[in-house]
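Survey of secondary and tertiary structure
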Amino acid sequence: MASRPPRVDRSSPPSPGPIRPFQFPSFLRTRLANGLAVLAARHSDLPLISLELVTPAGGQYDPEGKSGLAALTAGVLDEGTSGRSAMEIASAAERLGGYFTTGADWDVGYLSTGLLAQNRAAGFELLADVAFHPTFPVEELERLQRQRLAEILRRTHDPSALADDRFHRVLYEGTVYAHPLIGEEDSLTTLDREALVDFYQRHYGLAGAALIAVGDFDPEELLREAESAFGSGGPPAPPPPPEIRPPSRPGISVHIVDRAGAAQTELRIGHPGVSRSHPDYPSLVVFNALLGGKFTSRINLNLRERHGYTYGASSRFSARMGPGPFTVNAAVATESTGAAAREVLFELRRIREALVEPAELAETQSYLVGVFPYTLQTIGDLAKRLETMAVFGLPDDYYTRHLERIAGVTREKVLEVARRHLDPERVAVVAVGPAEDLEPQFEGLGPVTVWSPQGEPQLV
Amino acid sequence: MSSAIPDLDLPFQYHKLANGLRVVLHRQPELPLVAVNLWYHVGSKDERPGRTGFAHLFEHMLFQGSEHVGTHDHFRLLQQVGGVANGSTWYDRTNYYATLPAHQLELGLWLESDRMGFFLPALTQENLDTQREVVMNERRQRIENQPYGLAGERLHELLYPPDHPYHWPVIGYMEDIAAATLEEVRTFFSTYYTPNNAVLTLAGDFDPETALERVEAWFGEIPPGPPVPPVTVPPARLGGERRAVLPDAVSLPRIYVGFRAPAYGERSWYAADVLASVLTGGKSSPLYRDLVYDRQIAQDVGASVSPYEKGGTFMMVATARPGVAIETLEEALLGHVAAAATALPDPVELERARNRLLTEIYSGLQKLDGVADLFSQFATYFDDPGGVAAEAGRYLEITPEELVELAATHCIESERAVVQVVPREAD
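Given the structure is predicted, the values throughout are model-derived calculations rather than measurements.

Within chain A, the regular secondary structure consists of 16 helices and 13 strands. For 460 residues, the compact-globule formula gives about 23 Å, and the C-alpha radius of gyration of chain A, at 24 Å, lands near that figure. Considering only C-alpha atoms, chain A reaches an extent of 75 × 60 × 45 Å along its principal axes. Every one of the 460 residues in chain A was classed for burial, and the buried ones make up 59%. A separation of at least 24 residues holds for 81% of the contacts in chain A among residues at least 6 apart in sequence. For chain A, the exposed area adds up to about 18,400 Å²; of that, 51% sits on carbon and sulfur atoms. Of the side-chain charges in chain A, 45 are positive and 59 negative, and the distance between the mean point of each set is 7 Å.

Residues and elements named next belong to chain A. Pairing is mixed in the open sheet, where seven strands are placed in the order β9-β10-β8-β11-β7-β12-β13. The open sheet terminates on both sides in strands that have one partner only, identified here as β9 (310-317) and β13 (457-458). Here helix α10 (residues 298-306) sits on the sheet and contacts β9 and β10 (325-332); the angle it forms with β9, its principal contact strand, is near 160 degrees. Against the sheet, helix α11 (residues 337-353) makes contact with β8 (265-272), β10 and β11 (428-433), and its axis sits at roughly 30 degrees relative to β8, the strand it touches most.

All names here are of chain B. In terms of burial, helix α10 (residues 286-294) is a largely internal element, seven of the nine residues being buried. Regarding α10, the residues found buried are P286, L287, Y288, D290, L291, V292 and Y293. Remark: Q296 follows α10 within two positions and exhibits a positive phi of approximately 55 degrees.

Turning to the domain arrangement of chain B, a few remarks are in order. Residue and element names in this part refer to chain B. Splitting chain B by domain gives domain 1 (13-219) and domain 2 (242-423). Distance from the C-alpha centre of domain 1 to the C-alpha centre of domain 2: 28 Å. With 37 residues of domain 1 at the interface, the matching set in domain 2 holds 42 residues. Between domain 1 and domain 2, the buried area comes to about 3,400 Å², and carbon and sulfur atoms account for 66% of it. Interface area lost by domain 1 to domain 2 is led by W39, Y148 and L155, which between them contribute 22%. Across the domain 1-domain 2 interface, the total number found is one salt bridge.

A word on the interface of chain B and chain A. Counting residues at the interface gives 79 residues for chain B and 78 residues for chain A. For the pair chain B and chain A, the two sides together bury roughly 7,200 Å², of which 58% comes from carbon and sulfur. Summed over the shared surface of chain B and chain A, the number is six salt bridges. Residue D78(A) pairs with K283(B) through a salt bridge whose shortest N-O separation is 3.8 Å. Put simply, chain B and chain A have 36 residue pairs in polar contact (both at pLDDT 80 or more) between them. Going through the elements one at a time, α2 (73-79), β5 (94-101), α3 (105-117), α4 (125-144), α8 (208-219), α10, α12 (347-364) and α13 (368-382) of chain B are the ones with two or more residues in the side of chain B that touches chain A. Class assignment of the residues belonging to the side of chain B that touches chain A gives a composition of 29 nonpolar, 28 polar and 22 charged.

Rules used throughout
Throughout, a residue's number is its position along its own chain's written sequence, starting from 1. Whichever chain is written first becomes A and whichever ligand is written first becomes 1, with later ones labelled in order. Note on the predicted model: pLDDT of at least 70 is required for a residue's local features to be given, and 80 or more for side-chain atom pairs to be given and counted; whole-chain, interface and lining totals, by contrast, use all residues. To obtain the side-chain values, all non-hydrogen atoms of the structure were included, while hydrogens and water were left out. Under the scheme used here, helices are H or I runs from DSSP no shorter than 4 residues and strands are E runs no shorter than 2 residues, and both carry numbers assigned from the N terminus. For a compact globule the rule gives 2.2 Å times the number of residues to the power 0.38, and the radius of gyration it is set against comes from C-alpha atoms. Residue burial is assigned from relative accessible area. The probe radius is 1.4 Å, only protein chains are included, and a residue is buried under 20% of its type maximum, exposed over 50%, and partly exposed in between. Only heavy atoms enter the contact rule, under which two residues are in contact if any of them lie within 4.5 Å. Working definition of accessibility: Shrake-Rupley area with a 1.4 Å probe, residue cover restricted to the visible protein chains. Positive residues here are Lys and Arg, negative ones are Asp and Glu, while His and the chain termini are left out of the count. Charge positions come from single atoms, namely NZ of Lys, CZ of Arg, CG of Asp or CD of Glu. Any two strands with at least two DSSP-identified bridges between them are counted as paired. Note on definitions: angles span 0 to 180 degrees between N-to-C directions of axes, and those axes are lines fitted to C-alpha atoms, for helices only across the stretch in contact. All the domain ranges listed were derived from an automatic or database domain assignment. Defined in terms of a 1.4 Å probe, buried area is the accessible area two parts forfeit on being brought together, summed over both. In the sections that follow, a salt bridge refers to a side-chain nitrogen of Lys or Arg positioned within 4 Å of a carboxyl oxygen of Asp or Glu. N or O atoms within 3.5 Å of each other form a polar contact, as long as, within protein, one can give a hydrogen and the other can take it, and as long as residues adjacent in sequence are counted only when both atoms are side-chain atoms. Residue classes follow a fixed rule: Ala, Val, Leu, Ile, Met, Phe, Trp, Tyr, Cys and Pro count as nonpolar, while Asp, Glu, Lys and Arg count as charged, and any other residue, Gly among them, counts as polar.

This is the structure in structure tokens:
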């Protein structure tokens, strides 16, 4: 360095430079002649593409007694078509350096492939083949069934899975959300090829489906290819989503899943939340960021930075078509579990009692505004946003107006949604750890039930 | 598709300040973001037995404020402008990274330079006590309360002798974390957190000329420290198989096989990575096909080679299906390794592995913090930020014969450690 730079003032944060505006990327949203929705965006920093077909075939459509059907149907979908074996499907994308995968979440089933951009035609062909010509071979179905039964067995020793499963069972008893997406042993063993084919025919007929494409391509050209790959057939109306009515809860209840000798305790606290389509959802995003959705949230600062009870604590409203859970999540030192649960309750009550500080809300809003471009860096990031628009029927300008919506949330609105959507006096508390050490810590909080990892109630 | 060397456009400037700080500037203006990425060339390999986990605990302390930044302000100031920040500790290095709105670059420089130059005045016993608790909970959450969580630790203990710097886990042993003192934090800082032991990378939307001037302004006045003490590494060969059986609270047995592999950056390290991808990369790979699909003795299978500076670990992991003896799984796994040491890989498998590695490299370049981290890595280990763009070509140079040679010299009985994780009786 030739000249000595001027001394800097370290005493306070430096002023920012001029803001550079950020726009949600432009995208194409249209329908093919047969009604299939297409959402496509160009993203050409790198020669990659992602193609995805989503259809209303998620776990919420599992019939009673058949938990895991949606997930298994999606899983067997790419295990054989009229022209390809399971291995041929797997190697078709993998030999090109890409992936091909199928699966289901609560709302949708999906078929997804990611490839180098030059292999787009191969990607379309494979996607259409798996979507339209699956054969559900019995031997592949049985292989996946065995693999999933082993996975269910594995989960009985996974503290995080045990906590989630018990939490959802308590919150959603009697509804489809009570079961894990992968299903349960009793149900999984009864699923046969006929059940899968039937589910496929009802849910994979392009009704209510959307094709999502992001990457290095010309969107108009892509549209022509989509028309030729997916333009045949005319979809009837999509299946209506089931109505999910969580049971009422009389007060705070505590559920301990006993893992003798566990080094730590997995803690979940919460209750059923709201549908992604609820008009308050955008305000809840701001509210939750402040409460437990970022490192400097109230819950994390309390449990981690003030008390050292945990490596990290967070809260979230799960975005689903139905009323997904509101969950506070932490892995805590076993001897601090009762204290940590009470601190969580303290924060849930406190945020319903008074308006949040103006500075606290302003910091949260500027975080959400500032972080927006960060969450839109990759092809996958952008595809996920387009998928959300398609699945939840959000208007075209939803993300263009994202920043102004965040900025429009007031302190009064935060208090209003806190009071409407948080119910600290009726939470379920689930703790997975050594019951002997945990039970005394919950005295006075609410009735305690102890469960075995296999799900049987234990005598206390 | 054939495997042509991809043309990666990754321009950069490389500077060295008078105090020894190396600076990489990579302009990428597509989004209004800037990544501020700082690597200190210190990790758990610089610790000693009985005082493990210190580099990582120290990383936590560096988020507890500095002379001009309050205890909880580091994250707060970054988050309130939309920044995303964290740090991580590894055997060979510790990194600190933040991605900020581009117009907040100055904030990132202020925070990083304050803790590099003015950390000690803010150090308190109270902060150390809290972070020791946080880290002990991190160890419980990531290791002790995780099914199979202790297996990787046990494998390294077997694969590297007690005086080898990769013997102990990065997060450290519980009793060592509990014993860390304020005085040790001070000494560690003065020894390793010096500008001459660090690399700063800026990636994103900024003017390189102005940025360099601002980096000089914020970091230039921090005095250099003494040369960092060298790490002694015992011989690279293991010279005899080591084994352990680890009872754990798990439902399904799982096998871990580790081989002593070449150091990151050597040509043969790339051969090891290609071999791992040939063997287990994807559902159509030979090991998945044989173990999971055809014989159905495994729930999953994977292989990887770690990018360690002083000699790596080629690790294979497979989980048994219910009712399958772990010996059966081990035999099947090792059978494939033995075959790789004698026969050339199928050209189709090799092409799949190469294409997969290329796509992984492309995908890894999609996020600014990933790109910045790669520049810091190549500058820290090899004094060569150009290595980021050149790495794809290094993979493609590897010949089929080199895979056989790598397997024949490294993936052999005398160079391996095996950990069998089995369900504990009481469970």
